[in-house]
Amino acid sequence: MLEEAVEKAGVSLQELSAIAVTEGPGLIGALLVGVVAGKALACALDLPLIGVHHIAGHIYANQLVHELEYPLISLVVSGGHTELILMERPGQFRIIGRTRDDAAGEAYDKIARAMGLPYPGGPHVDRLAQEAESEIKMPRSWLEADSYDFSFSGLKSAVLNVVNQSKMRGEAVQVAQIAKGFQASVIDVLVEKADRAVREYGAKQLLLAGGVAANKGLRSRLAERCEQLNVPLLVPPLGLCTDNAAMIGAAAFLKWDKQEFDSMELKAEPQLKLEEW
Ligand SMILES: Nc1ncnc2c1ncn2[C@@H]1O[C@H](COP(=O)(O)OP(=O)(O)OP(=O)(O)O)[C@@H](O)[C@H]1O
Ligand SMILES: [Mg+2]
């Protein structure tokens, strides 16, 4: 992969300025492989090493195509995270809301599996939701009136109930109508909370990030809302929404600008906190 990457980029390893690598959070096995490879390269090429937070990567994927203006609100929706983050300066993150149970992407994948759709289920549920003409109404989880937190496990259970009831009655599962109802619920809550955060914190931009940022329904509903709010919505191009290496390079510039490098002691941190990175 490394060989292919430098070949496609038209550069040689010797021309690089630094090596950026995801230090966390995530599964320890995957992180270890990356950190060891990153250190080996930095050592062999005598280059500075920069450990990067995976979610900072998702957020800064936007900077590859947009100019960021602070303060901004980031809505991170991925396989493991659903967070609203206030950013008053480059590289400064304050999490104002997070999921209390399942992440949005995780909920997509779980309900997709229950309906027999391939993994990852997000894109399939998204497509079916666009195609369906009617929806099966699903609950919305707003939590406390002033909360920016999210909860998707109740919605997931509601979907599983509908699926199981159809199966018990020997009826065909209405996959597309369920997908549409599920997606409408997820999007309603994400849009309302992001809107409130943008207004409360006077954000100059709303920035969308993470794998679920590829969701067509979410992108169009957020774009509509941002137009009403007169606040630009920044979304990464589709290829930069789900995990990719370019986004890790983009976030590494935060440290590069300050010439803040890591030593060969850099460790994989499965629980690395964004606010402490
Ligand atoms: N069009 C889409 N609609 C909804 N979800 C989508 C879409 N495309 C991808 N996803 C979801 O995005 C998720 C993958 O995103 P990502 O790669 O950022 O997750 P991750 O790296 O596993 O989690 P994290 O970044 O939180 O550690 C999967 O859950 C997938 O179903
Ligand atoms: Mg990810």
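Residues numbered from 1 in each chain as written. Chains lettered and ligands numbered in written order. Predicted model: local features only at pLDDT ≥ 70, side-chain atom pairs only at ≥ 80, totals over all residues. Heavy atoms only, no water.

A. Expanded view of the site of ligand 1. Residues in close proximity to ligand 1 total 20 residues, the closest being Ser-78, Gly-80, His-81, Asp-109 and Asp-243. Separating an oxygen atom of ligand 1 from a backbone N or O atom of Gly-79 is a distance of 3.0 Å. Against a free-state accessible area of 640 Å², the protein chains account for coverage of 84% of ligand 1. When residues of the shell around ligand 1 are traced back to their parent elements, those giving at least two are α3 (54-60), α4 (104-114) and α5 (122-131). Tallied by class, residues from the shell around ligand 1 come to six nonpolar, eleven polar and three charged. (Near = heavy atom within 4 Å. Polar contact = N/O pair within 3.5 Å; in protein donor to acceptor, adjacent residues only side chain to side chain. Areas by Shrake-Rupley, 256 points an atom, 1.4 Å probe, with all protein chains shown as cover. Helix = DSSP H or I, 4+ residues; strand = E, 2+ residues; numbered from the N terminus. Nonpolar A, V, L, I, M, F, W, Y, C, P; charged D, E, K, R; others polar.)

B. Quick peek at the packing of aromatic side chains. Under the defined criterion, the tally for this structure stands at five aromatic pairs. On the basis of an interplanar angle of 90 degrees and a centroid distance of 4.8 Å, the ring pair of Tyr-108 and Phe-182 is categorised as edge-to-face. Of the two residues, Tyr-108 sits in helix α4 while Phe-182 sits in helix α7 (residues 175-200), which places them 74 residues apart along the sequence. Residue classification places Tyr-108 among the buried residues on the basis of a relative accessible area of 2%. The class of Phe-182 is buried, set by a relative accessible area of 0%. Here the guanidinium or amino end of Arg-196 rests over the ring plane of Tyr-148, the centre of that ring lying 4.5 Å away. (Phe/Tyr/Trp six-rings, centres within 6.5 Å; stacked < 30°, edge-to-face > 60°. Buried < 20%, exposed > 50% of the residue type's maximum accessible area, 1.4 Å probe, protein only. Lys NZ or Arg CZ within 6 Å of the ring centre and 35° of its normal.)

C. Region of the structure containing the coordination of the magnesium ion (ligand 2). Coordination sphere of the magnesium ion (ligand 2), protein contribution only: His-54 (NE2), His-58 (NE2) and Asp-243 (OD), at 2.0 to 2.2 Å. The sequence motif formed by the donor residues of the magnesium ion (ligand 2) is H-x3-H-x184-D. On the criterion of sequence distance, the pair formed by His-54 in helix α3 and Asp-243 in the loop between β7 (233-234) and α9 (245-257) is long-range, its members being 189 residues apart. Residue His-54 is classed as buried on the basis of its relative accessible area of 17%. Here Asp-243 falls in the exposed class, since its relative accessible area comes to 55%. (Donors = N, O, S within 2.8 Å, 3.2 Å for Na, K, Ca; no water.)

D. Layout of the packing of α4 against helix α6 (residues 153-168). Packing of α4 against α6 brings their axes to within 10 Å, and their N-to-C directions diverge by 5 degrees. Judged by the inter-axis angle, α4 sits roughly parallel to α6. Mapping the contact onto sequence places Lys-110, Ile-111 and Ala-114 in α4 and Lys-156, Val-159, Leu-160, Val-163 and Lys-167 in α6. Class assignment for the residues of the contact of α4 with α6 results in five nonpolar, no polar and three charged. (Axes fitted to C-alpha atoms, helices over the stretch in contact; angles between N-to-C directions. Parallel < 35°, antiparallel > 145°, perpendicular 65-115°, else oblique. Contact = heavy atoms within 4.5 Å.)

E. Main features of the nonpolar core. The biggest cluster of nonpolar side chains holds 46 residues, and the ones touching the most others in it are Ile-73, Leu-75, Leu-84 and Phe-182. For this core, the secondary-structure elements that each account for two or more residues are β3 (72-77), β4 (82-87), α4, α5, α6, α7, β6 (205-209) and α8 (216-229). Considering each element in turn, this core owes the most residues, eleven residues, to α7. For Phe-182, the residues in contact, after removing those within four places along its chain, are Ala-107, Tyr-108, Ile-111, Val-125, Met-138, Leu-155 and Val-159. Counting residues in hydrophobic clusters, the runner-up holds 28 residues, among them Ile-85, Met-87, Ile-95 and Ala-209. (Core = buried A, V, L, I, M, F, W, Y, C linked by side-chain atoms within 4.5 Å.)

F. Molecular detail of a nonpolar patch on the surface. Together, Ile-28, Leu-32 and Val-36 make up an exposed nonpolar region whose accessible area comes to about 260 Å². With respect to the helices and strands, Ile-28 occurs in helix α2 (residues 28-45). The partly exposed category is assigned to Ile-28, whose relative accessible area is 43%. (Patch = residues over 30% accessible without salt bridge, like charges linked within 9 Å, V, L, I, M, F, W, Y side chains within 5 Å. Salt bridge = Lys/Arg side-chain N within 4 Å of Asp/Glu carboxyl O.)

Without other data, these values stay purely geometric and don't point to any function.
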